Amino acid sequence: MADRVTEPPTRFTVPEELAGKRFDVVLAALAPEYSRARLQRWIRDGLATVHHGRRRPRDPVEAGALIELAAPVENSTPAPHPAQPMDLAVLHEDESLIVIDKPAGLVVHPGAGRPDGTLVNALLHHDPRLAAVPRAGVVHRLDKDTTGLLVVARTLSAHKALVEQISARTVRREYLAVVRGRVIAGGVIDAPIGRHPVHRTRMAVVRRGGRPAITHYRVESRYRGHTALSVRLETGRTHQIRVHLAHLGSPVVGDPDYDGRTGPPAGAAPGLREALRRFDRQALHARRLALAHPATGQECEWTAPPPDDLRALIAALATEGDEARVEET
């Protein structure tokens, strides 16, 4: 640990109301901008002490004890990913948050086969301070070809607050999805999701060993062979909407992984055939995001209209002459 760069120590005195509690619990109460897991790691590394001595996270501390915390400088080493200039559709920006309207084709995180050219690279160029925040502030993901709203935390305290909101399922995320088939009514899909047993790059509904996953959906418009759905996530598993709607029997149009059918429905008009042929991604758009602002607690909400290609697809579906608007709650 000798070569680790840290901030000047921050000193706390344990108040009476925290006396006798675990060291990690006390430190989390005194330094709420950091997650408890992070503080536990720093305690074990000797970066947080009591009366200049090391203690374990579970050890109790007494009232009046002197705690010193030397938080690591997270960006004291070069950023793991290069900062790259890129046009970003920034819908909102303040000292705590950035809200992005992500286009199709943009990968969120660098990874195998995609070392750069991602949203993270663009964010590091937009604000180099994001190198000090886990995953450059990205607290939830959108698939490469899913468009729409994504929130980024600009500080450690905002990151902690947003992760806690997501864990508590209080962040509200609504999507527009165009699916194959005529969905009769809305409902809830409560089916665990895990790695596909055969195709390891895909996910699947897995009854044993899957993680809990809940998706709410309601019908917005029905067309001759398709349906537009409003979809709300209660949990946030990888590919959750795409997997759940395919499990329902109505896969998202254009989904390369979960739509096993190809081609337009029988009897489709030439215009619709061409629109479906040209739409080369999943028809899924994150259009509404609502959360409590991490700094003020104020309820915030952002919306983003569907991109041009999705609007053109919906217009082509409507020209089939069998569109019906449905109002459901």
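For the structure itself, look to the data block above.
Attention here is on the structure that accompanies the text. (Residues numbered from 1 in each chain as written. Predicted model: local features only at pLDDT ≥ 70, side-chain atom pairs only at ≥ 80, totals over all residues. Heavy atoms only, no water.)

As a further point, take the sheet that holds strand 3 (residues 66-69). One open sheet accounts for three strands, arranged 1-3-2; its pairing is antiparallel. Two strands bound the open sheet, and with one partner strand each, they are strand 1 (10-13) and strand 2 (48-50). Geometrically, the sheet is characterised by an average inter-axis angle of 20° between neighbouring strands, direction not taken into account. Two elements, strand 2 and strand 3, share three bridges in a ladder whose sense is antiparallel. Bridge pairing in strand 3 links Ala48 to Leu69. (Pairing = 2+ DSSP bridges. Helix = DSSP H or I, 4+ residues; strand = E, 2+ residues; numbered from the N terminus. Axes fitted to C-alpha atoms, helices over the stretch in contact; angles between N-to-C directions.)

When helix 6 (residues 270-278) is considered as a whole, its buried residues turn out to be Leu272, Ala275 and Leu276. When helix 6 is viewed along its axis, its buried side chains cluster within an angular range of 95° and face the same direction. Exposed side of helix 6, more than 90 degrees from the buried face: Pro270, Arg277 and Arg278 are the residues found there. Contact partners of the buried residues in helix 6: strand 12 (226-233) and helix 7 (308-318). (Buried < 20%, exposed > 50% of the residue type's maximum accessible area, 1.4 Å probe, protein only. Arc of directions from axis to C-beta. Contact = heavy atoms within 4.5 Å.)

Let's shift gears to unusual backbone geometry. The phi angle at Arg135 is positive, at roughly 55°, despite the residue not being glycine. The topology assignment puts Arg135 in the loop between helix 3 (119-126) and strand 6 (147-153).

Tracing the backbone shows His51 in the loop between strand 2 and strand 3. For the pair His51 and Ile67, spaced 16 residues apart in the sequence, the C-alpha separation amounts to 6.4 Å. The contacts of His51, once residues within four sequence positions are left out, are Glu62, Gly64, Ala65 and Leu66.

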